[in-house]
Amino acid sequence: MRRLLSLAVFLSASSPLVWAGELEAGAARSAITPELSGGRVVYLAGFGHNRAATGVHDELYAHCLALGAAHRTLVLCSVDLIGLFYDDVLAIRRQFERTAPSASLLIVAATHTHAGPDTLGLYGPKPLQSGIDPQYLNWLDARIAATASGAVRAMQPARLELGRDDHPLLGLLQGEDRPPIVKDPFLFVMRLAARSTGQTIATLVNWSDHPEVLGGKNTEITSDYPHWVRTYLEEQLGGTALFFSGSIGKVSPLHQVSLVDPDTGKIAEDGTWRKAELLGTEIGRLSQRALKNGGEADIDSLSIRSATVFVPMQNPLFRAAEAAGVLKGRKPLYTNGKPDPQTQTRNLPNLGRVEFATGSDIRTEVDYVQLRSRGAAVAEIVAIPGEIYPELVDGGIQRYSGADYPDAPFEPVLRPQLKSKYQFIFGLTNDEIGYLIPKAEWDEEPPWLMNASSSFYGEVNSVGPDAAVAVLRALSALVRQ
Ligand SMILES: [Zn+2]
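Here the structure is a predicted model, which is why all the values come from computation and not from measurement.

Calculation rules
- Residues numbered from 1 in each chain as written.
- Predicted model: local features only at pLDDT ≥ 70, side-chain atom pairs only at ≥ 80, totals over all residues.
- Heavy atoms only, no water.
- Helix = DSSP H or I, 4+ residues; strand = E, 2+ residues; numbered from the N terminus.
- Rg over C-alpha atoms; globule rule 2.2 N^0.38 Å.
- Buried < 20%, exposed > 50% of the residue type's maximum accessible area, 1.4 Å probe, protein only.
- Contact = heavy atoms within 4.5 Å.
- Areas by Shrake-Rupley, 256 points an atom, 1.4 Å probe, with all protein chains shown as cover.
- Patch = residues over 30% accessible without salt bridge, like charges linked within 9 Å, V, L, I, M, F, W, Y side chains within 5 Å.
- Salt bridge = Lys/Arg side-chain N within 4 Å of Asp/Glu carboxyl O.
- Core = buried A, V, L, I, M, F, W, Y, C linked by side-chain atoms within 4.5 Å.
- Pairing = 2+ DSSP bridges.
- Right-handed = clockwise from strand over helix to strand, strands pointing away.
- Phe/Tyr/Trp six-rings, centres within 6.5 Å; stacked < 30°, edge-to-face > 60°.
- Lys NZ or Arg CZ within 6 Å of the ring centre and 35° of its normal.

1. A short note on the overall build of the chain
Then comes step 1: When its secondary structure is counted, the chain shows 7 helices and 22 strands.
Then comes step 2: A globule of 481 residues ought to have a C-alpha radius of gyration of about 23 Å, and the chain, at 21 Å, matches this closely.
Then comes step 3: Its C-alpha atoms give the chain principal-axis dimensions of roughly 65 × 55 × 50 Å.
Then comes step 4: Within the chain, the proportion of its 481 residues that are buried is 61%.
Then comes step 5: Pairs at least 24 apart in sequence give 79% of the contacts found in the chain among residues at least 6 apart.
Then comes step 6: For the chain, the exposed surface amounts to about 18,400 Å²; the carbon and sulfur share of it is 49%.

2. Concerning unusual backbone geometry
Then comes step 1: Cis geometry marks the peptide bond from P179 to P180; its omega dihedral reads -5°.
Then comes step 2: Tracing the chain through its elements places P180 in the loop between strand 7 (156–165) and strand 8 (187–194).
Then comes step 3: The step from P446 to P447 runs through a cis peptide bond, and the omega angle for that step is 0°.
Then comes step 4: One can find P447 in the loop between strand 22 (435–436) and helix 7 (467–480).
Then comes step 5: Phi at H71 is positive, roughly 70°, even though this residue is not glycine.
Then comes step 6: Owing to a relative accessible area of 62%, H71 belongs among the exposed residues under this scheme.
Then comes step 7: A positive phi angle, near 55°, is found at M450, a position not held by glycine.

3. Some remarks on a nonpolar patch on the surface
Then comes step 1: Side chains of L317, Y457 and V460 sit close together on the surface and give an oily, nonpolar patch of about 280 Å² of accessible area.
Then comes step 2: With respect to the helices and strands, the residue L317 is situated in helix 5 (residues 316–323).
Then comes step 3: What makes L317 partly exposed here is its relative accessible area of 37%.

4. Observations concerning the nonpolar core
For soluble globular proteins, nonpolar side chains are generally found buried alongside one another.
Then comes step 1: Residues V366, V382, I384, L392, L436 and V463 are the most contacted members of the largest nonpolar core, which totals 38 residues.
Then comes step 2: Contributing elements (two or more residues each) for this core: strand 13 (301–312), strand 18 (361–373), helix 6 (391–394), strand 22 and helix 7.
Then comes step 3: If you tally residues by element for this core, the top one is helix 7, at 9 residues.
Then comes step 4: Counting residues in each nonpolar core, the second largest holds 35 residues, with L65, I107, L242 and A297 among its members.

5. Quick word on the pairing of strand 5 (residues 72–79)
Then comes step 1: Among the 8 residues that make up strand 5, 8 are buried, leaving the element largely enclosed by the rest of the structure.
Then comes step 2: Relative to strand 5, strand 4 (residues 61–69) runs antiparallel, the two sharing 8 bridges. Residue pairing in the sheet places G68 in a bridge with T73 of strand 5.
Then comes step 3: Here strand 4 folds back onto strand 5, and the loop between the two strands holds 2 residues, one of which, A70, carries a positive phi near 50°.
Then comes step 4: Taken together, the 7 bridges between strand 5 and strand 6 (residues 104–110) define a ladder with parallel strand orientation. Looking across to strand 6, one finds that L76 is bridged to I107.
Then comes step 5: One crossover worth recording links strand 5 to the parallel strand 6 by way of helix 1 (residues 86–97), and it is right-handed.

6. Overview of the packing of aromatic side chains
Then comes step 1: The tally for this structure, following the rule as stated, stands at 8 aromatic pairs.
Then comes step 2: Aromatic side chains F188 and F424 sit 5.6 Å apart centroid to centroid with 50° between the ring planes, which places their arrangement in the tilted category. Taken together, the residues span a long stretch of sequence, with F188 in strand 8 and F424 in strand 21 (residues 422–426) at a distance of 236 residues.
Then comes step 3: Taken together, a centroid distance of 5.8 Å and an interplanar angle of 90° make the contact between Y435 and Y457 edge-to-face. Here the residue Y435 occupies a position in strand 22, and Y457 occupies one in the loop between strand 22 and helix 7, the gap between them amounting to 22 residues.
Then comes step 4: Its relative accessible area of 7% is what places Y435 among the buried residues.
Then comes step 5: Three or more aromatic residues joined by ring pairs make a cluster, and in this case those are F186, F188 and F424.
Then comes step 6: A cation over an aromatic ring shows up here: R29 above the ring of Y61, its NZ or CZ 5.1 Å from the ring centre.

So this is what it looks like as structure tokens:
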């Protein structure tokens, strides 16, 4: 357990002085769609291998929102990508910091679209062949850094409105096919408006659903339903709209989520542009309603806390991918807090004799931010480096016969620890370490959970059964601080 918690607080910025600062906000946006011309193959990320892009339905973007108060600056960037590894985020920050104000933190979250370029390497032509185009990825890092700087340059005095919708019926927009069926039907919204004109600078939406409505047969680049969330809000409210995915582990709008098309009276089918449009427009409408029912907040300071976390790497497939260069060196392994590039040759089921990276941990980060008014948290932002299962956020972890660690202690559930009404939880933020699964529900060995006839999907895309506790303990420490 000690190893899980090699935890270093490197930026603790809760100001000791009460300094009434005025809130400032600025937004910027850049297209980040990869070039398809010139015979270049762009492997789409999500679902499986060798899905080459054939066209662009809608542009992919980096959207950034800069918030400043009392000499602290927070920049929140959302990128239409499957995910970015921590080393890319560190590279983005190094470029951003050349022009950044002091005491600033840049957070980069991926929406997790399943119809964008492979930025992780796992979706190339076949297993153990990378889908990453390093030239594109380097260009992308610089582009995101420039967009973050653009948001800072655009900062102006601003008012903040906050909205929240937690009606259980929102859970009907979230499908799950693995027990326990726990939903995270929380929609959080913030709108920043210019103090001088009242015009919208930005609207930020936080919602949990895999952006994969178009499915594995689609080969056109798209940001999926978040495109329509943003389009709706920009038409209705003006300004720039940003979408942040929340606790999306095992949560999908496919299969169980039914949306009636008002034009035909029929249920829009999975894999269609129409379903993505209906879902995105609905989330946009609910966001606008949440703002109408919400309230204004007088923010005068930001508290920003971050910690690096070393998480044990327990997935042999990821070790083989690392050793084969699939990740292009962008997710190195560490032992005792130091980079460890060692490999061994091993026999693995399904893969045969392969090189195997032997370092013990990966390095990642968690962040916890409070937007404060006179010293009290009015809204909070939690940054999680992966796809967290909803029961780790809202509670409801279950013990099942058939689980591999039936007596494992429960992880510290996140939401009950938070202190404000507006609890923004950003998944896939600053890193993509895969699914965060409660250890008590971990199941790689038969018998399967609830005596199911086959295993449930999840573990294959997780770094291991001890990842969730490492991330949640680090976050609990930041929240308590
Ligand atoms: Zn996913």
